[in-house]
Amino acid sequence: MKLFSALLVSPLLFVFSTALAGQSLSDKDAKSVIEAHWNKTGRESPMQGNYTVVNRGWNWAKGTVSQHTYKDMLVWSKLGFLTISTDKKYENFKKGKGFSLSQANEFFDGVQNKITVHPTESGLKFKHPKNSNWLKVPFGQFIIKSIVKNEERLKGVDEYRVVMVTYIAKWSQEFAQFGKARDEPMYEKRKATVLLKWDPFNSKWNVVTYDIAEENKDFTTKYVVKELQR
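Residues numbered from 1 in each chain as written. Predicted model: local features only at pLDDT ≥ 70, side-chain atom pairs only at ≥ 80, totals over all residues. Heavy atoms only, no water.

A. Here's a closer look at the sheet that holds strand E11 (residues 204-214). On the basis of which strands lie adjacent, the open sheet formed by four strands has the order E8-E9-E10-E11 and antiparallel pairing. Bordering the open sheet on either side are strand E8 (140-155) and E11, each of which pairs with just one other strand. On average, adjacent strands in this sheet sit at an angle of 25° to one another, irrespective of strand direction. Here nine bridges tie strand E9 (residues 158-171) to strand E10 (residues 189-199), and the two strands are oriented antiparallel to one another. Residue pairing in the sheet places Arg161 in a bridge with Leu196 of E10. In the packing of helix H2 (residues 27-38) onto the sheet, the strands contacted are E8, E9, E10 and E11, and the crossing angle to E8 comes to about 120°. (Pairing = 2+ DSSP bridges. Helix = DSSP H or I, 4+ residues; strand = E, 2+ residues; numbered from the N terminus. Axes fitted to C-alpha atoms, helices over the stretch in contact; angles between N-to-C directions. Contact = heavy atoms within 4.5 Å.)

Below is the structure:
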């Protein structure tokens, strides 16, 4: 009887301990997952349609864009990826050359501008794969140099990995031009803290969020920490 009990309990202990161990992720696999994710990313922007520039509550799919996105669009226009025309009546209203109650209400609701956008031949080469009315210019290629940390984190029934890396950014020509025009930091030697989450239904790791910084500078964001604390 004791032998039978031991034989019954032993496999159960093995299964339980295996479940507690969690899903492993080697440094090599972490490198592959993160690089594959990053190398599909790019700078996105609307490039076709009528849009309203607002200072709050923007939604590209509903025809509204933020002032930050509008500044991006102006740069893409200067670089020859799209053209922008403004609503003359609304422009005149803002200059005090005309008045209507509806325009006044729009202005007080946060409407900054009304624009119509069209892609150029250059812009059409970079159609967003999920929406042909949007632009997506690849950032370039990201190559991880080293894995500094690769640790497991458990949150309820979900399994995460916090991976810290150093890497090299090889910017695409198009984005390098944009970054220079937008006065963005285009440093090549970088570091990141990346949060990955295990998808048990598809048996794969997915990048959730990350913090990035110049390799010899401090991080200025805490996206990973905030996600884990949610």
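B. Structural view of H2. Over its 12 residues, H2 runs 16 Å from end to end, which matches the ideal 16 Å to within 8%, given 1.5 Å per residue. What H2 keeps buried is the set Ala30, Ile34, Glu35 and Trp38. Across the axial projection of H2, the buried residues extend over an arc of 120°, all falling on one side. On its buried side, H2 packs onto E8, E9, E10 and E11. (Expected span 1.5 Å × (residues − 1). Buried < 20%, exposed > 50% of the residue type's maximum accessible area, 1.4 Å probe, protein only. Arc of directions from axis to C-beta.)

C. Structural view of the pattern of salt bridges. Summed over all chains, the structure comprises nine salt bridges. Glu215 is the partner of Lys145 in a salt bridge, and the nearest nitrogen-oxygen pair spans 3.4 Å. Taken together, the residues span a long stretch of sequence, with Lys145 in strand E8 and Glu215 in the loop between E11 and helix H8 (223-229) at a distance of 70 residues. For Lys145, a relative accessible area of 46% puts it in the partly exposed group. (Salt bridge = Lys/Arg side-chain N within 4 Å of Asp/Glu carboxyl O.)

D. Structural detail: the packing of aromatic side chains. Using the criterion set out here, one finds 14 aromatic pairs in the structure. Centroid distance Trp38 to Tyr167: 4.5 Å. Interplanar angle 40°. Geometry classified as tilted. A residue pair is termed long-range when its members are at least 10 positions apart, and Trp38 in helix H2 and Tyr167 in strand E9 qualify at 129 residues. The residues Trp38 and Tyr167 share a single accessibility class, namely buried. A ring pair is formed by Trp171 and Phe175, whose centres lie 5.4 Å apart and whose planes are at 45°; its orientation type is tilted. (Phe/Tyr/Trp six-rings, centres within 6.5 Å; stacked < 30°, edge-to-face > 60°.)

E. A look at the pairing of strand E7 (residues 131-138). One ladder, built from five bridges, connects strand E1 (residues 42-46) with E7; its direction is antiparallel. Counterpart to Ser45 in the pairing with E7 is Leu135. Where strand E6 (residues 127-128) lies against E7, two bridges are found, and the strand directions are antiparallel. Within E7, the residue paired with His128 across the bridge is Asn131.

F. How the structure looks around the side chain of Asn113. Tracing the backbone through its elements, the reader meets Asn113 in strand E5 (residues 111-119). A distance of 3.2 Å separates polar atoms of two side chains, one belonging to Asn113 and the other to Glu91. (Polar contact = N/O pair within 3.5 Å; in protein donor to acceptor, adjacent residues only side chain to side chain.)

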